[in-house]
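Chain by chain, the residues:
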Amino acid sequence: AGSTSASDGMGATGARVRWALVAALLVSLVAAASARASDPRAARRALRADVARVPTSVTGDSVVTDADADPPSGSSSIDPALVRRVAGDMGCVIVTWANDHYRDFARSWVGNLRALGLDNFMVGAMDADLYAFLTQEGVPTWLMGSRDIAAGTVERDFGWGTKTFHQMGRDKIRLIRDLTRVDGVDVLISDIDTAWLRDPVPFFRRYPTADMLVSTDQLKSETEVIPEQTAYLRNYLSNLQLASSFDDEGLELHICHAAMNIGVMWFRSTKGARLLTEEWVRLIEADDDLWDQNAFNDLVRLGGSCDAKPPNDGSGLFRGFEGKVVVGTLPASQFANGHAFHAQRMHSAKKKDPFAVHNTFQYGGTPGKRHRMREANVWRGEDVDSRFLLRSDGSDGTNDRVGFLSYDPRIPADVDLSVFRARSWPDAKDDTFPTIASKHDPIVDAHAKLVEFQLAQLRTAVAVASSLGRVVIAPPILCGLDRVWFPHFGRFPGSQFALPFICPLDHVLAVERSQKMDHLREHSFLSHPELPDTIRRSVATVDVSLVETEAFPEFPNDTRVCLSGPGTGKDADDHSEKCGWLGVSTDPLIAKRRVVLANVTDLTPTGFAAAAAGVRSSKVLHLSSITPFMKGRVGHEGWEAAYAENADVVDPDVWCCAKDGHREFAVP
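Conventions and cut-offs
Residues numbered from 1 in each chain as written. Predicted model: local features only at pLDDT ≥ 70, side-chain atom pairs only at ≥ 80, totals over all residues. Heavy atoms only, no water. Helix = DSSP H or I, 4+ residues; strand = E, 2+ residues; numbered from the N terminus. Buried < 20%, exposed > 50% of the residue type's maximum accessible area, 1.4 Å probe, protein only. Contact = heavy atoms within 4.5 Å. Areas by Shrake-Rupley, 256 points an atom, 1.4 Å probe, with all protein chains shown as cover. Pairing = 2+ DSSP bridges. Axes fitted to C-alpha atoms, helices over the stretch in contact; angles between N-to-C directions. Polar contact = N/O pair within 3.5 Å; in protein donor to acceptor, adjacent residues only side chain to side chain. Salt bridge = Lys/Arg side-chain N within 4 Å of Asp/Glu carboxyl O. Disulfide = S-S within 2.5 Å. Phe/Tyr/Trp six-rings, centres within 6.5 Å; stacked < 30°, edge-to-face > 60°. Lys NZ or Arg CZ within 6 Å of the ring centre and 35° of its normal. pLDDT = per-residue confidence, 0-100. Core = buried A, V, L, I, M, F, W, Y, C linked by side-chain atoms within 4.5 Å.

Q: What's the story with the overall build of the protein chain in this structure? I'm lost.
A: Counting its secondary structure elements, the protein chain contains 21 helices and 21 strands. Put simply, the protein chain has 668 residues, and 58% of those count as buried. Restricting to contacts in the protein chain with at least 6 residues of sequence separation, those with at least 24 account for 77%. Surface exposure of the protein chain reaches about 26,400 Å², of which carbon and sulfur atoms provide 52%.

Written out as structure tokens, the structure is:
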């Protein structure tokens, strides 16, 4: 009724395709039913039953039965019956949507949920190609189409902030509205660039009076600010006998301490949720310039909710939308935005296991999101064997490789790291230092020198690896200053972490612009959970310390390189550094062959290959340093051609920003 989605354009053929999919889904769901008796999700079913005995909010009464109402104008074509079948006896459904340009993101999103043992999810397909792919993969889907985006555009990269991006956002809000109309089914909606690391539903069920729980752009954790927050969780868990010990996983203190981010949203099947989403759609359809996220925040804050004090019960729940809904902010440390997770590692600092990361706050576009998830070992968007194969067909630009090369990164001795530490939290607050005025300020010079020296090593390593027929495993990068898209004092305002820090690669490399990122592997590569043992246990080290004529220091001892939590190789309480080479180097079960280069005068490609010939069969060759081979160093001669041929693999980006603009990184 009034919809202009792609599915309407398919007519009878589209209808037959959709009914065929529904039939296939019925068969698969019935077949799976017998296995559910022993399903580990039984605890969540029990939790739902317990929650049913908890008093509901005044706005928590059920919505009208969806079958009794006509589909709203501009609907998302979602079938309520399909939603119920996918939700099953869990009573909730996890939903995202995408076009075929984001096929690998859809595969990763689904892969992470399947790895958690979940099957109550759906992916809306905005074009026929993705619909066909998801159907083939057995993913519950429907042809969602788009009301506003032209057919020739709907399959492309939307580009954050573009007109198409905002049009896509409107399709999302209509979908949310339609899902909240399905009686008796709660909904978790998440953007396609979210990686799920734990089953979040038990957490949501702790708040049975909430109409909605929403993620945040907040850059600090406020889940344990007042004693009432702790008391709420203790009492709630104790009453339901759901935990033998306290786990301190709760909501943020206030809903207005930062903008809510609509990339992760939990809606209970309530009248309040339906009222808000219907008004949300009305607002964005009435104003083409209104951003969907701003509209949501404005609606929630109607009625003075931002002026309200934190609730006395410590729940973190507020009344919003003129008292019509009960809403809370999900913890920034566990439903993390991109800065909290990848830059601050807030969950590691707080010793919390994250539920999800929404890959925002990054500087590499779609490729940057993909690379960040690879760095965290939570990317499932491709056939992982393609990352491990060594003798390839050349399609990825790494033809006929025989192994990998890694190295210990070094930093220049004459960069004073204390200038960065002075701007660390908690010693430095947001107003302790003024905004950096000039991109040539001494602290920016120091940051540039620190980064450029590391990028020069990476560029050198690519040349050496190319000559040896290997692929470089990029090291972690130590940054002195944070990167923000506006002038700042050294850290993102509102953030709480220490400088210097291990920064994501898109802070220093032009990940989006580069055409050769496939020539590199992320620093956590060797701790990938699916890395074959034939690679991880075939390791050799090459000690070049005796041929180096100048000492360059390693990272400070207190540098935290590794993430913690699900998918990252270690638990939140494990303080050891086990990611990437750090894990391999300390694993006593991995025998490491070793070569020490001493009295070697020929470090040309031929000479070095001869000196390391005894370990050339090892899949991973790790150098104690790459600095002897850098331009102008003792072993640089003979590498000129390799330097020139591979220079574009390492494409430096910029630091942003001082008041007078950004600073470009320069690597000779």
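Q: Looking at this structure, I do not really get helix α14 (residues 365–375). What am I missing?
A: Helical geometry: 3.6 residues make up each α-helical turn, so side chains three or four residues apart lie on a common side. Burial of α14 is extensive: nine of the 11 residues sit out of reach of the surface. Listed in full, the buried residues belonging to α14 are T366, G368, K369, R370, H371, R372, M373, R374 and E375. Residues of α14 that are buried make contact with α5 (103–115), β5 (194–196), α12 (338–343) and α15 (385–388). One or two residues past the end of α14 sits N377, with phi positive at roughly 60°.

Q: How should I be thinking about the sheet that holds strand β7 (residues 260–267) in this particular structure?
A: Two pairing modes exist for strands in a sheet, parallel and antiparallel, and in both the strands are linked by backbone hydrogen bonds. Strand order across the open sheet formed by eight strands is β3-β2-β1-β4-β7-β6-β9-β8, with mixed pairing between neighbours. Here the strands that pair on one side only, and so sit at the sheet edges, are β3 (141–143) and β8 (318–320). With strand direction ignored, the average angle separating the axes of adjacent strands in the sheet is 30°. Pairing analysis gives three bridges linking strand β6 (residues 212–216) to strand β9 (residues 325–329), with the strands arranged parallel. Each residue of the ladder has a partner; that of M212, found in β9, is V327. Across the sheet, α5 lies against β1 (92–98), β2 (121–125) and β4 (186–190), angled at about 170° from β2, the strand it touches most. With respect to the sheet, helix α6 (residues 128–136) is in contact with β1, β2 and β3, its orientation differing from that of β3 by roughly 155°.

Q: Honestly, the environment of T216 in this entry has me stumped. Any pointers?
A: Looking at the element boundaries, T216 is found in strand β6. Not counting chain neighbours up to four residues away, the residues in contact with T216 comprise A258, A259, M260, N261, T329, L330, A332 and N337. A distance of 2.9 Å separates a polar side-chain atom of T216 from the backbone nitrogen of Q218.

Q: Hey, could you run me through the pattern of salt bridges in this one?
A: If the charged atoms of two oppositely charged side chains come close together, the side chains can form a pair. All told, the structure shown has 29 salt bridges when counted by the stated rule. A salt bridge links D178 to R177; its shortest N-O distance comes to 2.8 Å. When its relative accessible area of 6% is taken as the criterion, D178 is described as buried. One salt bridge connects K516 with D648, and the closest N-O pair in it is separated by 3.0 Å. Of this pair, K516 sits in the loop between β15 (501–503) and β16 (520–521) while D648 sits in the loop between α21 (640–646) and β20 (654–658), and the two are 132 residues apart along the sequence. What you see here is one network of salt bridges that share partners, running through D171, R174 and E285.

Q: So what exactly am I meant to see when it comes to the state of the cysteines here?
A: Covalent bonding between the sulfur atoms of two cysteines defines a disulfide. Taken as a whole and assessed by the stated rule, the structure comprises four disulfides. Disulfides within the protein chain link the bonded cysteines, taken in sequence order, as 1-2, 3-4, 5-6, 7-8.

Q: So what exactly am I meant to see when it comes to the environment of L283 here?
A: Assignment of secondary structure puts L283 in helix α10 (residues 271–286). Residue L283 is classed as partly exposed on the basis of its relative accessible area, which comes to 23%. As a C-alpha pair, L283 and F296 span 13 residues in sequence and 9.4 Å in three-dimensional space. Apart from the residues lying within four places of it in its own chain, the contact partners of L283 are L290 and L299.

Q: Is there a simple way to explain the packing of aromatic side chains in this structure?
A: Two numbers describe a pair of aromatic rings. These are the distance of the centres and the angle of the planes. For the structure shown, the criterion picks out 25 aromatic pairs. On the numbers, 5.6 Å between centres and 70° between planes, the contact of Y102 with F105 is edge-to-face. In this structure an aromatic cluster arises from ring pairing among W196, F203, F204, Y207, Y232, W266, F335 and F355. Cation over ring: R198 sits above F355, and NZ or CZ is 4.0 Å from the ring centre. Lying across the ring of F321, K324 places its NZ or CZ 4.8 Å from the centre.

Q: I would appreciate a short explanation of the pairing of strand β19 (residues 620–623) in the present structure.
A: Each regular strand carries side chains that alternate between the two faces of the sheet. Burial of β19 is two-sided: the residues V620 and H622 facing one way and the residues L621 and L623 facing the other way are all buried. Strand direction decides the pairing type here: strand β12 (residues 403–407) and β19, joined by four bridges, are parallel. By the bridge assignment for β19, L405 is matched with L621.

Q: Would you take a moment to explain the confidence of the model for the protein chain for this structure?
A: Parts of the model with low pLDDT should not have their predicted coordinates read in detail. Per-residue confidence for the protein chain gives a mean pLDDT of 83; residues scoring 70 or more make up 80%. Here residues 1–75 is modelled with pLDDT under 50, and outside its nearest four sequence neighbours on either side it reaches 118 contacts, counting other chains as well. Below pLDDT 50 for its whole length, residues 392–399 participates in 14 contacts with residues either more than four positions away or in separate chains.

Q: I keep staring at the sheet that holds strand β11 (residues 356–358) and nothing clicks. Help me out?
A: Taking strand neighbours across the sheet as the criterion, the three strands line up as β5-β11-β10 in an open arrangement whose pairing is mixed. Two strands close off the open sheet at either side, each with one partner strand: β5 and β10 (335–336). With three bridges connecting them, β5 and β11 associate as antiparallel partners. Bridging across to β11, A195 finds its partner in V357.

Q: Help me out: how do you make sense of the nonpolar core in this one?
A: One broad trend across soluble globular proteins is that nonpolar side chains are buried collectively. Judged by nonpolar contacts, the single largest core of 70 residues is most densely connected at F420, V508, L509, F608, L623 and F629. When residues of this core are traced back to their parent elements, those giving at least two are β12, α17 (442–468), β14 (477–479), β15, β17 (539–543), β19, α21 and β20. The element that contributes the greatest number of residues to this core is α17, accounting for 16 residues. Ignoring any residue separated from it by four or fewer positions in sequence, one finds F629 in contact with T460, V464, L603, F608, L623, G635, H636, W639 and Y643. In terms of nonpolar packing, the next biggest core, distinct from the first, is built from 55 residues, I94, F105, W196 and A376 among them.

Q: Any chance you could explain unusual backbone geometry here in plain terms?
A: With glycine set apart, most residues show a phi of negative sign, and most peptide bonds adopt trans. Going from L499 to P500, the amide bond is cis rather than trans, its omega being -10°. The residue after C656, namely C657, is reached through a cis peptide bond having omega -5°. By the element assignment, C657 lies in strand β20. Phi is positive for E322, which is not a glycine, with a value near 60°. Structurally, E322 can be placed in the loop between β8 and β9.

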